[in-house]
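# Coordinates in review
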Amino acid sequence: MAPTDATVSRTSTSGVLAETGIDPALDLFEEIDRLRKEKNAVILAHYYQDGEIQDIADFVGDSLQLSQSAADTTADRIVFAGVHFMAETAKILNPDKPVLVPDMEAGCSLADGCPGPAFGKWLRNYPDHVVISYINCSAEVKALSDLICTSSNAHKIVGSVPADKKIVFAPDRHLGRYLIDKLGRDMVLWPGTCQVHEIFSEKKIVQLKTRHPNAKVIAHPECERSVLRIADHVGSTSSLLSFTASDPSDEFIVATEPGIIHQMEKLSPNKTFIPAPARGACEACNECPHMKLNTLEKLYLCLRDDRPELFVPEELLDRARLPIERMLELSR
Ligand code: 13P
Ligand code: SF4
């Protein structure tokens, strides 16, 4: 989704700029726009980024749409406002282009919870299985996989494996369990979870529903089975977004990272979006701490200084690209 000038919000404060050593007189939106044109850079942003980053990006999307954009781009460099595995995927698809990330520390609990060496060792237990990995994993894990999927195309990718073949699915056990339930296809699951999506509380969502009886519950398949069971719609971020636009309901309880609500409100300004509550007393635990490391200031610095730049070890590039390309081909 490309922004228009009218949709760009200007919310930077001079205080924030001073802390980063950036001249507070600078208009960051103008500077980012000038630099991206000067350097022929494309800015890709995930739906979980802050609204101001989504507004300045050339393209905002879910993991699949962002990898498709990265595969198709004619820009000289890619600035990826998302997390490490997303930028790494863009680099694997564009080995000759610089891929820059506003904050290189922006990781992912699913990717971090499935280290390549441990995954390789575990796979030795399943020699005759097809290995499908969710895109939220490292290049090392991708290189050990036969197919990559995202939450948008997981049904299709799993369905593409002949019925007589056994499947290993990694690293998200909740998405894996959801697919087993949906497709009736058994799979061996790596025991990984997303620290954000597993925190939503079924009990609190049900309580919230009593105060908003007409609200529809929408959930990302990384949520626990108990939350998915009470959801009116389950899908990837782009699927949740289009559901809120097309469904006649006026209110939605959103069980995914609340960054997506920015686009939901833009598409449906007259509807109400309520972030699903987390377990315990923590108010902000449903925000992805990795995604939120990226800021407009870091985006500007990264475009200005051409760093931090992401590199993928040469020996992994070709092996990791193969299962991603299979996914892109199957998703056409
Ligand atoms: P989507 O591909 O649905 O955008 O999900 C990405 C993600 O990291 C969810 O936590
Ligand atoms: Fe990873 Fe969860 Fe953050 Fe998505 S929301 S990037 S799966 S930690």
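Worth saying up front: this structure is predicted, and the values here are computed from it rather than measured.

## Notes on the side chain of Arg77
Considering the arrangement of structural elements, one finds Arg77 in strand β3 (residues 77-81). A distance of 2.9 Å separates a polar atom in the side chain of Arg77 from a polar atom in the side chain of Asp306. Setting aside anything within four residues of it in sequence, one finds Arg77 in contact with Lys39, Asn40, Ala41, Val42, Pro98, Leu100 and Asp306.

## Looking at unusual backbone geometry
Following Ala170, the chain continues into Pro171 via a peptide bond in cis, with omega recorded as -10°. A cis geometry characterises the amide bond from Arg307 onward to Pro308, with omega recorded as 5°. You can see Pro308 is positioned in the loop between α15 (296-305) and α16 (314-330). Phi at Asp306 is positive, roughly 55°, even though this residue is not glycine. Mapped onto the elements of the fold, Asp306 is located in the loop between α15 and α16. Here Asp306 falls in the partly exposed class, since its relative accessible area comes to 30%.

## As for the nonpolar core
By size, the foremost hydrophobic cluster in this structure holds 69 residues, and its most contacted members are Phe80, Ile132, Phe169, Ile253 and Met327. Excluding residues that lie within four positions of it along the chain, Phe80 makes contacts with Leu44, Leu66, Met86, Ala87, Ala90, Leu100, Val101 and Pro102. In this structure, Leu28, Ala45, Met264 and Leu299 belong to the second largest nonpolar core, which totals 31 residues.

## Concerning the sheet that holds strand β11 (residues 251-255)
If you trace the 4 strands from one edge of the open sheet to the other, you get β10-β9-β11-β12, paired in parallel fashion. In this open sheet, the two strands that pair with only one neighbour each are β10 (233-234) and β12 (272-275). Of the strands in this sheet, β9 (216-219), β11 and β12 are in contact with helix α11 (residues 202-211), which crosses β11 at around 170°.

## Overview of the site of ligand 2
Contacts to ligand 2 come from 13 residues, most closely from Cys108, Asn136, Cys194, Glu222 and Cys288. Class assignment for the residues of the shell around ligand 2 results in 8 nonpolar, 4 polar and 1 charged.

## Observations regarding the UniProt feature "binding site: [4Fe-4S] cluster" (unreviewed entry) in the chain
As recorded in UniProt, the feature "binding site: [4Fe-4S] cluster" (unreviewed entry) lies at Cys108, Cys194 and Cys288. Spanning 181 residues, the annotated positions come together in the fold, the maximum distance between their C-alpha atoms being 9.3 Å. Locating Cys194 in the fold gives a position in the loop between β8 (188-189) and α11. When its relative accessible area of 9% is taken as the criterion, Cys194 is described as buried. Here Cys288 shows up in the loop between β12 and α15.

## A closer look at the UniProt feature "binding site: iminosuccinate" (unreviewed entry) in the chain
Under the local residue numbering, the UniProt record ascribes the feature "binding site: iminosuccinate" (unreviewed entry) to His46, Ser63, Tyr134, Ile135, Asn136, Ser151, His220, Pro221, Glu222 and Thr237. Judged by its relative accessible area of 15%, Ser63 falls in the buried class. If near-sequence neighbours (up to four positions away) are discounted, Ser63 is found in contact with His46, Met86, Ile135 and Thr150.

## Focus on the sheet that holds β3
As summarised here, the arrangement of the 4 strands in space is β2-β1-β3-β4, forming an open sheet in which the pairing is parallel. The open sheet is flanked by β2 (59-61) and β4 (99-100), the only strands paired with a single partner. Across 5 bridges, the pairing between strand β1 (residues 41-46) and β3 is parallel. By the bridge assignment, Ile43 is partnered in β3 with Val79.

Rules behind the numbers
Along each chain, residue indices are assigned from 1 in the same order as the chain's sequence is written. All chains are assigned letters beginning at A, and all ligands numbers beginning at 1, according to the order in which they are written. For this predicted model, a pLDDT threshold of at least 70 governs which residues receive local features, and a threshold of 80 or more governs which side-chain atom pairs are given and counted, while totals over whole chains, interfaces and linings are taken from all residues. Hydrogens and water molecules were not included; the side-chain quantities draw on all heavy atoms of the structure. A run of H or I in DSSP counts as a helix once it spans at least four residues, and a run of E counts as a strand once it spans at least two, with each numbered from the N terminus. The term polar contact refers here to a pair of N or O atoms within 3.5 Å; inside protein, the definition further demands a hydrogen-donor-capable atom paired with an acceptor-capable atom, and it admits residues adjacent in sequence only when both atoms are side-chain atoms. We call two residues in contact whenever any of their non-hydrogen atoms come within 4.5 Å of each other. Relative accessibility thresholds used throughout: buried, under 20% of the residue-type maximum; exposed, over 50%; partly exposed, between the two (1.4 Å probe, protein chains only). What we call a nonpolar core is a set of buried Ala, Val, Leu, Ile, Met, Phe, Trp, Tyr and Cys residues that are connected through their side-chain atoms within 4.5 Å. The criterion for strand pairing is that DSSP finds at least two bridges linking the strands in question. Every axis in this analysis is a line fitted to C-alpha atoms, fitted for helices over the stretch in contact. Angles between the N-to-C directions lie between 0 and 180 degrees. We call a residue near a molecule or strand as soon as one heavy atom of that residue lies within 4 Å of the molecule or strand. Three categories are distinguished: nonpolar for Ala, Val, Leu, Ile, Met, Phe, Trp, Tyr, Cys and Pro, charged for Asp, Glu, Lys and Arg, and polar for the others, with Gly belonging to the last. UniProt positions are given in the numbering used here, feature names are shortened, and annotations may be inferred rather than shown by experiment.

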